[in-house]
Amino acid sequence: MSAIQRKGEWLEFRVSNQEHGKTIEEVCKTNLQISGRMVQKLTHRNGIQVNGKKSFLAYRLKPGDRLQIKVFERENYGLEPEPIPIDILYEDDHVLVVNKQSGISVHPTDPSQKGTLAHAIAFYYQTQGLQTKVRHIHRLDKDTTGAILVAKHALAQAILDEDLRERKIKREYLAIISGIPNPPKGTIDLPIGRDRHHPTRRRVSTGGDTAITHYQVIETFEHASMVKLQLDTGRTHQIRVHLEYIGHPLFGDTLYGGLKKGINRQALHGVKLSFNHPFLHEKIEIEAPIPEDIKNLIRELKNEN
């Protein structure tokens, strides 16, 4: 079964010989990776039909049937759109990937907060005639740059959220750190919890949540390194906490003991993002260009060598 086209608010799939005799519910859960909860939700909204007519979940599909799922519904943005430029790395009817800039939060933490990436995306949607909520799948810290994955409707979000939980969405980060780790490649498996003595800091804590970071040195300087990192978990400040703990804090990350030198923020960038497209069933790989401030820091460190 494959998505063949969008028809207004509906996404239409053509039933193949392999789905012959399967119920709508079975196909939604197994072939389309739609959770049982989402299937029930769509049913209550009359959001599933076959060949243009409302149908029961127990209906057994035949080859050539058109299974239609209502996913492109108009809804409130959830916040006030603001004319803030965004850098789009990838977009189709279902997902959006944005290259987040430094100094902007992904979403508001209270209703009065303005100027976030979510406000900017809502404005972009508005200019495109798309009226839907902004649904980010993962986050980056305010001063961390890089690729952010956004679902453009509730069904895409449900599928991608599940993929994130199952670690099918891969994120690679580039960082500039103090010192040279030994060994140059390894895994930091240390739980992270809140720092009781600071309102925003996190720390390695035996009572914290599981946190796993893989790192690899890709270039060394006199007293610094460029490393790439991948996460198995997505705890708040995970990379920053782990690197500080092993004695190699990020340049510019003064909250976690980093040198305030050559850059005015933590030198961390979400450089690569890969995920399985929720409907095309193909792997999408996105690379976010390294920002100028990190390039300048690298040049400065090379000159010191």
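Nothing here was measured: the structure is a model prediction, and the numbers come from that model.

Q: How would you explain the overall build of the chain if you had to name every residue and give the values?
A: Helix and strand counts for the chain stand at six helices and 17 strands. In terms of overall dimensions, the chain has C-alpha extents of about 70 × 40 × 40 Å along its principal axes. Taking all 305 residues of the chain together, the buried fraction comes to 47%. A separation threshold of at least 6 residues defines the contact pool for the chain, and within that pool the share at least 24 residues apart is 64%. A total of about 15,200 Å² of accessible surface is found on the chain, and carbon and sulfur atoms cover 46% of it. Distance from the positive charge centre (44 side chains) to the negative charge centre (37 side chains) of the chain: 5 Å.

Q: Summarise the pattern of salt bridges; cite the residues concerned and give the values.
A: Summed over all chains, the structure comprises 18 salt bridges. Members of the salt-bridge network, linked through shared partners, are Asp141, Arg240 and Asp253.

Q: Please give an account of the nonpolar core that cites residues and values.
A: Within the largest apolar cluster, 36 residues are counted, with the highest numbers of intra-cluster contacts made by Leu67, Ile69, Leu149 and Phe275. Top element by residues in this core is helix H4 (residues 154–165). It accounts for four residues. Excluding anything up to four places from it in sequence, Leu149 contacts Val95, Leu96, Val97, Arg135, His136, Ile137, His138, Leu160, Ile169, Leu273 and Phe275. If you look at the next biggest cluster of nonpolar residues, it comprises 28 residues, including Ala122, Val150, Ile188 and Leu243.

Q: Would you mind going over unusual backbone geometry in detail, with residue names and values included?
A: The omega torsion across Asn182 and Pro183 is 10°, close enough to zero to call that bond cis. Although it is not a glycine, Asn51 sits at a positive phi angle of roughly 55°. Of the residues examined, Asn51 reaches a relative accessible area of 32% and is grouped as partly exposed. Positive phi values are uncommon outside glycine, yet His237 reaches one of about 60°. Assignment of secondary structure puts His237 in the loop between strand E15 (224–231) and helix H5 (238–245). On the accessibility criterion, His237 (13% relative accessible area) is buried.

Q: Report on helix H2 (residues 36–44), specifying residues and quantitative values.
A: Looking only at H2, the buried set comprises Met38, Val39 and Leu42. Projected onto a plane normal to the axis of H2, the buried residues spread over an arc of 105° and lie on a single side. For H2, the exposed residues set more than 90 degrees away from the buried face come down to Arg37 and His44. Contact partners of the buried residues in H2: helix H1 (24–31), strand E3 (48–50), strand E5 (66–70) and H4.

Q: Lay out the side chain of Asp92 with the relevant residues and their values.
A: Along the chain, Asp92 turns up in the loop between strand E6 (88–91) and strand E7 (95–100). For Asp92, which is buried and forms no salt bridge, the nearest opposite charge comes from Lys152, at a distance of 6.1 Å. A polar atom in the side chain of Asp92 sits 2.8 Å from the side chain of Tyr90. Here the side chain of Asp92 touches His277 through a polar contact of 2.6 Å, side chain to side chain. Apart from the residues lying within four places of it in its own chain, the contact partners of Asp92 are Lys152, His277 and Leu280.

Q: So, the side chain of Thr23: which residues are in play, and what are the values?
A: Topologically, Thr23 is positioned in the loop between strand E2 (10–14) and H1. Classification of Thr23 as buried rests on a relative accessible area of 9%. In this structure Thr23 touches Leu57, Ala58, Tyr59, Arg60 and Leu61, once residues within four positions along its chain are discounted.

Q: Explain the pairing of strand E17 (residues 283–287) to me, and be specific about the residues and the numbers.
A: Of the two faces of E17, only the one carrying Ile284 and Ile286 is buried; Lys283, Glu285 and Glu287 on the other face are not. Here strand E16 (residues 268–276) hands over to E17 after six residues, with His281 in that stretch at a positive phi of 55°.

Q: How would you summarise the environment of Ala120 if you had to cite specific residues and measurements?
A: Structurally, Ala120 is set in helix H3 (residues 117–127). A residue is classified by how much of its surface remains accessible, and Ala120, at 1% relative accessible area, is buried. In this structure, the C-alpha to C-alpha distance between Ala120 and Pro81, residues 39 residues apart in sequence, is 6.3 Å. Setting aside its immediate chain neighbours within four residues, Ala120 contacts Glu82, Ile84 and Ile86.

Thresholds applied
- Residues numbered from 1 in each chain as written.
- Predicted model: local features only at pLDDT ≥ 70, side-chain atom pairs only at ≥ 80, totals over all residues.
- Heavy atoms only, no water.
- Helix = DSSP H or I, 4+ residues; strand = E, 2+ residues; numbered from the N terminus.
- Buried < 20%, exposed > 50% of the residue type's maximum accessible area, 1.4 Å probe, protein only.
- Contact = heavy atoms within 4.5 Å.
- Areas by Shrake-Rupley, 256 points an atom, 1.4 Å probe, with all protein chains shown as cover.
- Lys, Arg positive; Asp, Glu negative; His and termini not counted.
- Charge placed at Lys NZ, Arg CZ, Asp CG, Glu CD.
- Salt bridge = Lys/Arg side-chain N within 4 Å of Asp/Glu carboxyl O.
- Core = buried A, V, L, I, M, F, W, Y, C linked by side-chain atoms within 4.5 Å.
- Arc of directions from axis to C-beta.
- Polar contact = N/O pair within 3.5 Å; in protein donor to acceptor, adjacent residues only side chain to side chain.
- Pairing = 2+ DSSP bridges.

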